[in-house]
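An overview of the molecular structure
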Amino acid sequence: MSKLYIEPVSELAQLPEYQTTYAAGMDIRACTKWRNNLKTFDYSSAYRDAQGKIQAETIPVEKDGGFMLMPNMCVLIPTGIKLQPQEDMAELLLPRSGLGIQGIILANTVGLIDPDYADEMLVALYNRTKRGMLINHGDRICQMVMLPILRVQPEFVTELPELYSNREGGFGSSGRG
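Residues numbered from 1 in each chain as written. Predicted model: local features only at pLDDT ≥ 70, side-chain atom pairs only at ≥ 80, totals over all residues. Heavy atoms only, no water.

1. Focus on the layout of surface pockets
Taken as a whole, the largest pocket spans an internal volume of roughly 270 Å³. Around the largest pocket, the lining is made up of 13 residues, and of these Ser2, Lys3, Leu4, Tyr18 and Met26 lie nearest the centre. Tallied by class, the residues present in the lining of the largest pocket amount to 10 nonpolar, 2 polar and 1 charged. Of the volumes computed, that of the second largest pocket is approximately 210 Å³. Around the second largest pocket sit 14 residues that line it, and Leu93, Asn108, Gly111, Ile113 and Leu122 are the ones nearest its centre. Every element with two or more residues in the lining of the second largest pocket is listed here: strand 10 (111-113) and strand 11 (122-127). Here the residues of the lining of the second largest pocket are counted per class, giving 10 nonpolar, 2 polar and 2 charged. (1 Å grid on protein atoms, 1.4 Å probe; cavity = no way out; pocket = protein on both sides within 12 Å on 5 of 7 lines; lining within 4 Å. Points joined across faces, edges and corners; volume = space filled by probe spheres on them. Nonpolar A, V, L, I, M, F, W, Y, C, P; charged D, E, K, R; others polar. Helix = DSSP H or I, 4+ residues; strand = E, 2+ residues; numbered from the N terminus.)

2. Examining unusual backbone geometry
A positive phi angle is found at Asn72, which is not glycine, with a value near 60°. If you trace the backbone, Asn72 turns up in the loop between strand 5 (67-69) and strand 6 (73-78). Accessibility expressed as a relative area gives 28% for Asn72, which makes it partly exposed. The backbone of Thr109 shows a phi angle near 65°, a positive value even though the residue is not glycine. The topology assignment puts Thr109 in the loop between strand 9 (104-106) and strand 10. (Buried < 20%, exposed > 50% of the residue type's maximum accessible area, 1.4 Å probe, protein only.)

3. Details of the sheet that holds strand 2 (residues 26-29)
A sheet is described by the order of its strands in space; here 4 strands give the open sequence 2-13-8-10, paired in antiparallel fashion. Each edge of the sheet is formed by a strand with only one pairing partner; in this case those strands are strand 2 and strand 10. Here the average twist between neighbouring strands, direction ignored, is 35°. Here strand 8 (residues 89-94) pairs with strand 10 via 3 bridges, running antiparallel. Bridging across to strand 10, Leu93 finds its partner in Gly111. (Pairing = 2+ DSSP bridges. Axes fitted to C-alpha atoms, helices over the stretch in contact; angles between N-to-C directions.)

4. Digging into the confidence of the model for the protein
Looking at the protein as a whole, its pLDDT mean stands at 87, while 84% of the residues score no less than 70. Per-element confidence in the protein ranges from a low mean pLDDT of 75 for strand 3 (residues 37-42) to a high of 97 for strand 2. (pLDDT = per-residue confidence, 0-100.)

5. Side note on the pairing of strand 6
Burial runs high along strand 6: 5 of the 6 residues are buried. Pairing of strand 6 with strand 11, which is carried by 5 bridges, proceeds in the antiparallel orientation. Bridging from a neighbouring strand, Ile77 pairs with Val123 of strand 11.

Structure (structure tokens):
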């Protein structure tokens, strides 16, 4: 089994953990108790600057670490941990199905953390519902899967080599069912 070195940036941080023997992903937990506020992006009434970028705001965190994720809001949630995988590994952050069926998803749908990223892991959750949802310190907010990295050397060619087929189309071209 490969090692994943984890540095806590808060004494309240929790190690990622597999929930079952054959789980592919480790659950990542919110570490919000030690923060006074969190960075948010409200897409329903977002203020944009002169370059068209959405301006971040902040929301308060209760003393127990809870906060309300309001409709159309994206919040950057701290995990309290820094990761250092082996140089040929990367972390893939995936949504938890239990949150997804409640309308809470990863803002970028999938997160990729490169092995040379050295800061605290933040998870961007987005509420696509019409109601607020309470997120608490210690809640499982996403899953992390470790992936080996295959590095390639891109090269332009005048024509692609012949492969197994010359299928074209994409987006459902292989049929239904």
